[in-house]
Amino acid sequence: MLVSCLAIFPNVVKAEEILLLNLQYRSDTTTTREIQFYGNDIDPNSTSIDDSFSLKIDGESIEIPEQLYRRLDRLRRSFSYDSLSGGIQEPSETRVICNLGGPAEGMILEARYLTYNSEWKIVDHEMRPVFGMAENCLFKELYTPVNSNAREDARGVIEILNTLSLLGHSD
């Protein structure tokens, strides 16, 4: 049965766990905290009983319920490739006047971004910034998916990871 399932999805990469999502908290150019979500399948369109996931906060492994791992995996689908995300808008070059002093504070969500060919096989993948949230007016790395559903899903991932960070790890 498993062999036949793998034959249906020949483009699925399964092996050791690979970084799928990376949330970085930034202060100017310094990463002050990092939450990393790993899985053994880069394709968010396939699921298997053999899927495995893990989460690290600042390099420390954190256990969460299986349902939450699966929710993060499902959410990333809408912003991890162009046909659902609509592409990722880069930060604009416009300068907003900000009289706030101190460092630029914000968060950047990176995702394993996939490139499919015409037969819907994954031909390339890379970690890419997909969403940026400013915590003050100095932070300018405001990436965002074009599609509104993808933006909401990216915000959902940030909220889940941020909450896990607050509950599961303290400085």
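My aim in this report is to walk through the structure given alongside it, one point at a time. Think of each chain on its own: its residues are numbered from 1, step by step along the sequence as written. In keeping with the predicted nature of the model, local features appear solely for residues at pLDDT of at least 70, side-chain atom pairs appear and are counted solely at 80 or more, and the whole-chain, interface and lining totals rest on all residues. Calculation of side-chain values draws on the structure's entire complement of heavy atoms; hydrogens and water are dropped beforehand.

### A few points about helix H2 (residues 66–75)
We count it as follows: Exposure classes here rest on a 1.4 Å probe applied to the protein chains alone. A residue is buried below 20% of its type maximum, exposed above 50%, and partly exposed in between. Strands are runs of DSSP state E lasting at least two residues, helices are runs of H or I lasting at least four, and both sets are numbered from the N terminus onward. Note that the arc is defined by the directions from the helix axis to the C-beta atoms.
Three or more residues of H2 are buried, namely Tyr69, Leu72, Asp73 and Leu75. One side of H2 carries all its buried residues, which in axial view fall inside an arc of 170°. Exposed side chains of H2 directed beyond 90 degrees from the buried face belong to Gln67 and Arg74.

### A closer look at unusual backbone geometry
Residue aspartate 28 is not a glycine yet carries a positive backbone phi of 55°. Position of aspartate 28 relative to the elements: it lies in the loop between strand E1 (14–27) and strand E2 (30–41). Positive phi is not limited to glycine here, since tryptophan 120 has a value of about 60°. The residue tryptophan 120 is located in the loop between strand E6 (105–116) and strand E7 (122–134) in this model.

### Here's the deal with the pairing of E6
We count it as follows: In this scheme, strands are said to pair when DSSP sees at least two bridges between them.
Burial runs high along E6: ten of the twelve residues are buried. With eleven bridges joining them, E6 and E7 adopt antiparallel strand pairing. Opposite leucine 109, over in E7, you have phenylalanine 131 as the bridge partner. In this structure, the hairpin formed by E6 and E7 is closed by a connection of five residues, where tryptophan 120 is found at a positive phi of approximately 60°.

### Some points on the state of the cysteines
Let me state the cut-off plainly: Here, the term disulfide refers to a pair of cysteine sulfur atoms separated by no more than 2.5 Å.
According to the stated counting rule, one finds one disulfide in the structure shown. At a sulfur-sulfur separation of 1.6 Å, the disulfide partner of cysteine 98 is cysteine 137. On the sign convention where negative is left-handed, the bridge of cysteine 98 and cysteine 137, at about 45° about the S-S bond, is right-handed. Note that cysteine 98 is positioned in the loop between strand E5 (88–89) and E6 and cysteine 137 in the loop between E7 and strand E8 (144–145), a separation of 39 residues in sequence. A relative accessible area of 39% places cysteine 137 in the partly exposed class.

Functional significance is not addressed by these values, which are geometric in nature.
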